[in-house]
Amino acid sequence: MPPLPPITQALILINVAVFCLDQFLGLWFTRLFALWPLGGGFMPWQMASYAFLHGGIGHLFFNMLGLWMFGAELERLWGTKRFVQFYGASVLAAAVAQLLVAWLLNSPYPTVGASGGLFGLLLAFGMLFPNRTIMPLFPPIPMKARTFVMVFGGLELLLGFISPTGGVAHFAHLGGMAGGWLMIRYWRGQAPFGRR
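The paragraphs below set out a description of the structure included in this document. (Residues numbered from 1 in each chain as written. Predicted model: local features only at pLDDT ≥ 70, side-chain atom pairs only at ≥ 80, totals over all residues. Heavy atoms only, no water.)

## Points about helix α8 (residues 170–188)
Think of an α-helix as turning once every 3.6 residues; residues three or four places apart then point the same way. When the terminal C-alpha atoms of α8 are compared, their 27 Å separation across 19 residues agrees well with the 27 Å that a helix rising 1.5 Å per residue should span. Remark: Gly189 follows α8 within two positions and exhibits a positive phi of approximately 70°. (Helix = DSSP H or I, 4+ residues; strand = E, 2+ residues; numbered from the N terminus. Expected span 1.5 Å × (residues − 1).)

Here is the structure:
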């Protein structure tokens, strides 16, 4: 197994450290750094800080597993600067999508987790390595990366409409995918962006 590239490693370590800090410091820390709806405790820094908080050890574990699986390879391909730009765009787009959905549904709940950034990485992995075989944990059926991304994107859309306020920010995940897709199109000089 190759060593983790620096940004992927730093993101995993920071997420774990912030999770431990959050467990130790309690609710005031979550209130300050989770992504709250507009008018319900929202502060601008929460657009990024929410991605370092997690709702439990399982939430943290699966997000960090995905970051290791997809982020490390993408960082090795792109380099640190592009990887940071891409991950940041995915996290911010996920936050915008979640704020919009929370406003439309008048939801009072905060959002936490790196899942929006992770779903952006997942989309990029599927676009750049479409024929790479992936073995998901659930269900343990080998599938091409392209198929894996379409299945997970479709599930998020379906679950978002079935349970829009059910404790999982499905539209934030889709927002992360949209942000990642737009960033790749920007780099390629494709619509809606002009040639670079």
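What follows picks up the thread again.
## Some words on the environment of Ala169
For Ala169, the location among the structural elements is in the loop between α7 (145–162) and α8. Here the alpha-carbon distance between Ala169 and Asn15, two residues 154 residues apart in the chain, equals 18 Å. Aside from chain neighbours lying at most four places away, what touches Ala169 is Gln98 and Thr111. (Contact = heavy atoms within 4.5 Å.)

## Overview of a nonpolar patch on the surface
A contiguous nonpolar patch, built from Val151, Leu155, Leu158, Leu159 and Ile162 and spanning about 430 Å² of accessible area, is present on the exposed surface. For Leu155, the position within the fold is in helix α7. (Patch = residues over 30% accessible without salt bridge, like charges linked within 9 Å, V, L, I, M, F, W, Y side chains within 5 Å. Areas by Shrake-Rupley, 256 points an atom, 1.4 Å probe, with all protein chains shown as cover. Salt bridge = Lys/Arg side-chain N within 4 Å of Asp/Glu carboxyl O.)

## Details of the pattern of salt bridges
Two side chains carrying opposite charge are able to pair once their charged atoms lie near each other. With the rule as written, the count across this model stands at 1 salt bridge. In this structure, Glu73 and Arg132 form a salt bridge, with 3.0 Å as the shortest nitrogen-oxygen distance. Pair noted here: Glu73 is in helix α4 (residues 57–78) and Arg132 is in the loop between α6 (115–128) and β1 (133–134), with a separation of 59 residues, a long-range link. Under the relative-accessibility criterion, Glu73 is labelled partly exposed at 23%. (Buried < 20%, exposed > 50% of the residue type's maximum accessible area, 1.4 Å probe, protein only.)

## Examining the packing of helix α5 (residues 80–105) against α8
Direction vectors running N to C along α5 and α8 enclose 140°, while the axes themselves pass 7 Å from each other. As far as their axial angle goes, α8 and α5 are oblique. In the crossing of α5 with α8, the sense of the turn from one axis to the other is right-handed. Within the contact between the two elements, α5 uses Arg82, Gln85, Phe86, Ala89, Ser90, Ala93, Ala94, Ala97, Gln98 and Val101 and α8 uses Phe171, Ala172, Gly175, Gly176, Gly179, Gly180, Met183, Ile184 and Trp187. Residues belonging to the contact of α5 with α8 are distributed by class as follows: 11 nonpolar, 7 polar and 1 charged. (Axes fitted to C-alpha atoms, helices over the stretch in contact; angles between N-to-C directions. Parallel < 35°, antiparallel > 145°, perpendicular 65-115°, else oblique. Left-handed = near helix turned anticlockwise from the far one by under 90°. Nonpolar A, V, L, I, M, F, W, Y, C, P; charged D, E, K, R; others polar.)

## Focus: the side chain of Ser49
Structurally, Ser49 can be placed in helix α3 (residues 46–49). Taking the relative accessible area as the measure of exposure, Ser49 reaches 14% and is therefore buried.

## Things to note about the packing of aromatic side chains
Taken as a whole, this structure holds 13 aromatic pairs when the rule is applied. Geometrically, the ring pair formed by Phe29 and Phe33 is tilted, given 5.0 Å between the ring centres and 55° between the ring planes. Of the two residues, Phe29 and Phe33 are both situated in helix α2 (residues 27–33); the distance of 4 residues between them amounts to about one turn of the helix. For Phe33, a relative accessible area of 25% puts it in the partly exposed group. Here Tyr186 and Phe193 contribute two aromatic rings whose centre-to-centre distance is 5.3 Å and whose plane-to-plane angle is 80°, an arrangement assigned as edge-to-face. Judged by its relative accessible area of 35%, Tyr186 falls in the partly exposed class. (Phe/Tyr/Trp six-rings, centres within 6.5 Å; stacked < 30°, edge-to-face > 60°.)

## A word on the packing of α4 against α6
Direction vectors running N to C along α4 and α6 enclose 45°, while the axes themselves pass 9 Å from each other. Relative to α6, the element α4 lies oblique. Handedness of the α4/α6 crossing: left-handed. Listed contacts from α6 to His59, Phe62, Asn63, Gly66, Leu67, Phe70, Gly71, Glu73, Leu74, Leu77 and Trp78 of α4 are Ser115, Leu118, Leu121, Leu122, Ala124, Phe125 and Leu128.

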